[in-house]
Amino acid sequence: MSAGCVRWMLSHTVRAVCGGSSCVYWTPASRFPICSERSNIIASSWRWSPFSTGVDNTEQTAAPKKKKPDPRGHATISAVGRKIPQREIQVISETGENLGTMHRADVIRVMDEQGLKLVLLSERKDPPVYRLMSGKQIHEEQLKLREKQKAKAAPVQVKELTFSSGIAAHDLSTKMKQVESWLEKKNHVRITLRSGRGGPAVNLDTTLEQIVQQMEVMVGFVSKPKAIRDGQAAMCILRPPSAKELSQKGKNMAAATQSDDSSSNATESKTSIPPVSNSDTTEGSIQQ
């Protein structure tokens, strides 16, 4: 039954195509062209018939291979665990001391004894460099890395503030608080100090530097105070302090506190020594 249906569809298709074109007579010389033409018509009709499945003659292009991620380009810091691929590695201790080249079995033993984790620092070197770190250290490094990524991703906004040298103290305090709030949001602040009406434009850059030094928060400079507009104004650009500047300030404060404590202890020791009376000295000489 199915073979009869196919035969009927093929004959019907050939008749439909030949009926719409000019009549072609069969001759021995034209036998092969006609046969080839009919074979093409039959193939095209069979291709579009419901009894055939579509076959794509176009070559399938291979999908482009995805590049493997470079292990040296990790955006996060994480421990490699106990599965160390290399047999011998260079190890740096928790405190930053170079322990030299060690076998991975020895490294795992140190990790178990001290409760530390192993972090890959550089895979380019031979042998690769790893560091022993605690969970707290890894967490702190991850936070620092996130802050750096945020600083790179977010564009820096520059806020502008202009006031005259004759500004009242209360208004100046309000404006400086606004500057501090901008700096806390990681913005840069451009401050312009212009001379007052009828007032002398003398040392405006020094005045602006003194105003910045009176701020309650630590700031950094993108551009230090300098005179502009032929000395009729002064300008500076402030930025939030970097981590290095904050750590240096903490060290300076700690050193100043220690010096104050040592000086106060020395003063107390001097005042605690009782004075020696003449009677005590006389008794000591008699006993001798």
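Thresholds, definitions, all that
Residues numbered from 1 in each chain as written. Predicted model: local features only at pLDDT ≥ 70, side-chain atom pairs only at ≥ 80, totals over all residues. Heavy atoms only, no water. UniProt positions renumbered as here; feature names shortened; annotations may be inferred. Buried < 20%, exposed > 50% of the residue type's maximum accessible area, 1.4 Å probe, protein only. Helix = DSSP H or I, 4+ residues; strand = E, 2+ residues; numbered from the N terminus. Pairing = 2+ DSSP bridges. Axes fitted to C-alpha atoms, helices over the stretch in contact; angles between N-to-C directions. Contact = heavy atoms within 4.5 Å. Expected span 1.5 Å × (residues − 1). Arc of directions from axis to C-beta.

The name that an unreviewed UniProt entry assigns to the protein chain is Translation initiation factor IF-3, mitochondrial, with the source organism given as Perca flavescens. According to the UniProt record, the Function (unreviewed entry) comment for the protein chain is "IF-3 binds to the 28S ribosomal subunit and shifts the equilibrium between 55S ribosomes and their 39S and 28S subunits in favor of the free subunits, thus enhancing the availability of 28S subunits on which protein synthesis initiation begins." Its UniProt record, at the heading Subcellular location (unreviewed entry), says of the protein chain: "Mitochondrion".

### Comments concerning the pairing of strand β8 (residues 233-239)
Within β8, six of the seven residues are buried, which leaves the element mostly enclosed by the surrounding structure. Where strand β6 (residues 188-194) and β8 come together, six bridges link them in antiparallel fashion. Among the inter-strand pairings, Thr192 is bridged to a residue of β8, identified as Met235. Summarising the sheet, strand β7 (residues 220-228) and β8 pair through six bridges and their orientation is antiparallel. Within β8, the residue paired with Ser223 across the bridge is Ile237.

### Let's talk about the sheet that holds β6
Taken together, four strands build an open sheet; the order of strands is β5-β6-β8-β7 and the sheet is mixed. Edge strands, defined here as strands with exactly one partner in the open sheet, are β5 (158-164) and β7. For this sheet the average axis-to-axis angle between neighbouring strands, irrespective of direction, equals 15 degrees. Its contacts with the sheet put helix α5 (residues 169-184) on β5, β6 and β8, and the angle it makes with β5 is roughly 170 degrees.

### Observations concerning α5
Because an α-helix completes one turn every 3.6 residues, residues spaced three or four positions apart along the sequence face the same direction. Between its first and last C-alpha, α5 extends 23 Å over 16 residues, near the 22 Å set by a 1.5 Å rise per residue. Regarding α5, the residues found buried are Leu172, Met176, Val179, Glu180, Trp182 and Leu183. The buried residues of α5 all sit within an arc of 160 degrees when viewed along its axis, so they share a single face. Exposed side chains of α5 directed beyond 90 degrees from the buried face belong to His170, Lys177 and Glu184. Residues of α5 that are buried in the fold lie against β5, β6, α6 (204-213) and β8. Immediately downstream of α5, the backbone of Lys186 shows phi near 65 degrees, a positive value.

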